[in-house]
Amino acid sequence: MKTVPLVDLSEQLKRLSPELEASISAVLERGDFIQGQALQRFEENFSRYVGCRSTVGVNSGTDALRLSLLALGVAPGDEVILPVNTFFATGAAVSSVGARPVFVDVDKSDANLDCSQLEAAITARTRAVIGVHLFGRLCDTDAISEVCRRRGLAFIEDAAQAHGASRGGRRAGAFGDAAAFSFYPGKNLGACGDGGAVTTDDPDLADRLFKLRNFGQQEKHHHELLGLNSRLDTIQAALLDVKLRYLDEWTQARRSLAAAYARGLSGLEGVEVLTRPDNEQSVFHLFVIRVPERDRVLTALNESGIGAQVHYPLPLHRQPAFAYLDYPEGAFPVAEQLSRDILSLPLYPELSEVDQEHVMVTLTRILNERS
Ligand SMILES: *Cc1c(COP(=O)(O)O)cnc(C)c1O
């Protein structure tokens with residue numbers, strides 16, 4: 001049986017292996033494994049790519065969120081607003097600094113934060129809003145920035161799925177007070193292991209972040225802040241610096257594939273494309289559709305060798321870990337409906353036309369077998 005996985009990095013790694021191996025060898029020769037030359041070089045190059053003043057490499061996207069919250073002074077008793085439909089880590093980062101996650105429902109057209117409900121969620125304890133650029137598509141950064149400015153709140157971007165996504169010539173990571181990126185291997189820019197970064201234009205915030213990731217010290221054994229050990233390994237930074245050169249090319253490939261999906265699926269009854277390809281700014285981390293009888297379709301796709309998955313099957317308020325927040329079922333009707341309807345189709349820059357066609361033919365056959 002022909003199989004098409006959701007993500008397959010093998011071809012990309014094969015193609016880049018001479019360059020990747022050379023970059024690792026250079027680090028091995030220098031031996032500067034912690035906060036070495038290649039880390040600084042990658043941070044400079046990533047800042048240039050994003051269009052921000054500073055990049056602070058950290059050990060994961062989760063820590064990028066966590067350290068951003070700490071650097072902004074978010075503390076126990078504070079509230080942080082975020083969309084209820086996102087990866088678990090967005091909410092867990094808030095809980096991890098002792099603050100309370102406050103969820104807001106999402107817009108059904110793109111699954112991002114519904115900004116019309118943002119102000120109603122603000123209380124006297126609110127300190128920050130995390131806007132997630134879900135599936136590679138920017139959230140409404142204008143609306144969130146405006147509310148945050150007017151209400152004196154920090155705006156943190158969760159850009160873990162959106163490296164290179166842009167609006168009006170400005171890229172993800174350059175809209176908020178701070179932005180968190182993940183370099184988990186399957187992200188649009190992925191390391192060969194865990195990694196993350198915070199980007200910011202604020203020099204004081206950057207200074208605190210550089211300390212927070214390294215035991216709160218600038219000078220060795222002089223600990224000004226209660227920092228952590230959360231550095232981006234020099235080897236991972238060296239690998240990321242190589243891959244960054246290919247990111248725009250990969251984004252183009254993702255956009256072409258997304259456009260082909262949208263064309264190919266446009267005639268299918270009941271199928272709705274969530275990540276619209278006419279949106280030039282999306283970097284299509286995932287290609288998400290709504291389908292009738294989602295559970296049946298998903299099972300049949302998987303049984304036919306298509307690696308479709310659901311992002312995400314449970315909105316955060318339905319996750320057992322967040323039961324302590326006491327949100328009832330039905331509190332976020334749009335996110336709950338989406339979680340029952342959506343599925344993500346295979347999408348990665350090296351996905352071949354033949355394999356993509358196979359995905360669409362298989363999906364069409366399954367939809368026609370409708371009960
Ligand atoms: C991947 C991801 C994270 C967490 O990043 P890690 O590097 O895996 O810790 C956070 N938020 C979103 C939206 C993500 O997709």
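Keep in mind the model is a prediction, meaning the values are calculated, not measured.

About the thresholds
- Residues numbered from 1 in each chain as written.
- Predicted model: local features only at pLDDT ≥ 70, side-chain atom pairs only at ≥ 80, totals over all residues.
- Heavy atoms only, no water.
- Near = heavy atom within 4 Å.
- Polar contact = N/O pair within 3.5 Å; in protein donor to acceptor, adjacent residues only side chain to side chain.
- Areas by Shrake-Rupley, 256 points an atom, 1.4 Å probe, with all protein chains shown as cover.
- Helix = DSSP H or I, 4+ residues; strand = E, 2+ residues; numbered from the N terminus.
- Nonpolar A, V, L, I, M, F, W, Y, C, P; charged D, E, K, R; others polar.
- Core = buried A, V, L, I, M, F, W, Y, C linked by side-chain atoms within 4.5 Å.
- Buried < 20%, exposed > 50% of the residue type's maximum accessible area, 1.4 Å probe, protein only.
- Domains from an automatic or database assignment.
- Contact = heavy atoms within 4.5 Å.

Engineer: Give me the lowdown on the site of the ligand, citing residues and values where you can.
Structural biologist: The ligand sits among 14 residues. The nearest are G61, T62, D158, S182 and K187. Here a nitrogen atom of the ligand sits 2.8 Å away from a polar atom, N or O, in the side chain of D158. Here an oxygen atom of the ligand sits 2.6 Å away from a polar atom, N or O, in the side chain of S182. Here the ligand, which alone exposes 380 Å², has 92% of that area covered by the protein. Those elements that place two or more of their residues in the shell around the ligand are helix 3 (61-71) and helix 4 (88-96). Considered class by class, the residues forming the shell around the ligand number four nonpolar, eight polar and two charged.

Engineer: Quick rundown of the nonpolar core? Include the residues and the values.
Structural biologist: Membership of the largest hydrophobic core comes to 72 residues, with the highest contact counts inside it found for L265, F287, I289, L301, L343, L345 and L363. Taken together, domain 1 (10-244) and domain 2 (247-368) each give at least three residues to this core, which thus spans both. In contact with L301, not counting residues within four places along its chain, are I306, A308, L343, L345, T362, L363 and I366. With 40 residues, the next largest nonpolar core counts V104, F155, F175 and L189 among its residues.

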